[in-house]
Amino acid sequence: MPRARKKRCIYLDTNARYFKPRGVPLEQLDIIRLTFEELEAIRLKDLLGLEQTEASEKMGVSQPTFHRILKEARNKVSDALVNSKAIEIFGGDYEMGNDQLRCLGCGNSWETEVTCHRDQIKCPKCNSSNIINLNSCIHDCVRKKE
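Since this is a predicted model, take the numbers as computed values, not measurements.

Conventions we followed
- Residues numbered from 1 in each chain as written.
- Predicted model: local features only at pLDDT ≥ 70, side-chain atom pairs only at ≥ 80, totals over all residues.
- Heavy atoms only, no water.
- Pairing = 2+ DSSP bridges.
- Helix = DSSP H or I, 4+ residues; strand = E, 2+ residues; numbered from the N terminus.
- Contact = heavy atoms within 4.5 Å.
- Axes fitted to C-alpha atoms, helices over the stretch in contact; angles between N-to-C directions.
- Buried < 20%, exposed > 50% of the residue type's maximum accessible area, 1.4 Å probe, protein only.
- Parallel < 35°, antiparallel > 145°, perpendicular 65-115°, else oblique.
- Left-handed = near helix turned anticlockwise from the far one by under 90°.
- Nonpolar A, V, L, I, M, F, W, Y, C, P; charged D, E, K, R; others polar.
- pLDDT = per-residue confidence, 0-100.
- Expected span 1.5 Å × (residues − 1).
- Arc of directions from axis to C-beta.
- Polar contact = N/O pair within 3.5 Å; in protein donor to acceptor, adjacent residues only side chain to side chain.

K.L.:
Looking at this model, I keep getting lost on the sheet that holds strand β2 (residues 18-19). Mind explaining?
P.N.:
Working definition: the strands of a sheet are paired by backbone hydrogen bonds and lie parallel or antiparallel to each other. The strand order β2-β4-β3 describes an open sheet built from three strands, whose pairing is mixed. The sheet is open, and its two borders are formed by β2 and β3 (31-34), each paired with just one other strand. Two strands pair when backbone bridges link them, and β3 and strand β4 (residues 86-89) are joined in this way by four bridges, in the parallel orientation. Across the sheet, residue I31 finds its bridge partner in β4, namely A86. Helix α1 (residues 36-47) rests against β3 and β4 of the sheet, and its axis sits at about 75° to β3. With respect to the sheet, helix α3 (residues 63-82) is in contact with β3 and β4, its orientation differing from that of β3 by roughly 155°.

In structure tokens, the structure reads:
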């Protein structure tokens, strides 16, 4: 009997559920299903530029498992782009990780559940709204270097 599959930890909650070629109704397109953990693997490796070992640790999986997830995700995205298919972001076996936040005013660090209302978060120590999300600050640093 195989062991239970371990849930992958993701830090991205997107409202977008479909991406498709412009000007073609969704009903006329083949749809590729991209899971949330596949999207997270692409985000960590390709967008944030993390090494696979670091990205696999963030997702709570082994490096070979992360590599398989990433490879499958890239194959699906490539197929959709090259063959004009829609991408549906749906499902998977995941749980939401906690955001790691830091106050730029007092330096306080804490974790909180991932939320889409990040602009409403205040530091529990000094009540400042000058907050950065350490899960996404790598992306900001990479963008500033370009």
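K.L.:
Mind showing me how you'd approach α1 here?
P.N.:
Residues three or four positions apart in an α-helix share a direction because the helix packs 3.6 residues into each turn. In terms of burial, α1 is largely enclosed, as nine of its twelve residues are buried. All of the buried residues in α1 are F36, E37, E38, L39, E40, A41, I42, R43 and L44. Contacts made by the buried residues of α1 are with β1 (8-10), β3, α2 (52-59), α3, β4 and β5 (94-96). Positive backbone phi, approximately 75°, marks G49, located one or two places after α1.

K.L.:
Would you take a moment to explain the packing of α1 against α2 for this structure?
P.N.:
A pair of packed helices is captured by two measures, namely the crossing angle of their axes and the spacing between those axes. Between α1 and α2, whose axes approach to 10 Å, the crossing angle comes to 140°. Between α1 and α2, the crossing angle belongs to the class labelled oblique. As for the relative orientation of α1 and α2, their crossing is right-handed in sense. Contacts between α1 and α2 involve E37, E40, A41, L44 and K45 from the first element and Q52, A55, K58 and M59 from the second. Per-class residue counts for the contact of α1 with α2 are four nonpolar, one polar and four charged.

K.L.:
Explain the confidence of the model for the protein here, please?
P.N.:
Regions with low pLDDT carry predicted coordinates that are not meant to be interpreted in detail. For the protein, the average pLDDT comes to 81, and 80% of its residues sit at 70 or higher. Put simply, helix α4 (residues 137-145) is where the protein has its lowest mean pLDDT, 38, and α3 is where it has its highest, 96. In this model residues 137-146 is a low-confidence stretch, pLDDT under 50, and it forms six contacts with partners more than four residues away in sequence or in other chains.

K.L.:
Would you take a moment to explain the pairing of β4 for this structure?
P.N.:
Consecutive side chains of a regular strand alternate in pointing toward one face of the sheet and then the other. Neither face of β4 is left uncovered, since the one carrying A86 and E88 and the one carrying I87 and I89 both have all their residues buried. In terms of strand pairing, β2 meets β4 through two bridges, oriented antiparallel. Bridge pairing links F19 to I87 in β4.

K.L.:
In this structure, what is going on with α3? I would like to understand it.
P.N.:
With 20 residues, α3 ought to run about 28 Å at 1.5 Å a step, and its terminal C-alpha atoms sit 28 Å apart, in line with that. Taken together, the buried positions of α3 are occupied by T65, F66, I69, L70, A73, K76 and A80. Looking straight down α3, one finds that the buried residues subtend no more than 130° of arc, so they occupy a single side. Exposed residues pointing more than 90 degrees away from the buried face of α3 are listed as R68, K71 and V82. Following α3 by one or two positions, S84 has its phi on the positive side, about 50°.

K.L.:
Could you clarify how one ought to interpret the side chain of S128 in this entry?
P.N.:
Within the fold, S128 resides in the loop between β7 (109-113) and β8 (131-133). Taking the relative accessible area as the measure of exposure, S128 reaches 18% and is therefore buried. Within the local environment of S128, its side chain forms a polar contact with the backbone nitrogen of N130, the two atoms lying 3.0 Å apart. Setting aside its immediate chain neighbours within four residues, S128 contacts C103, I121, K122 and C123.

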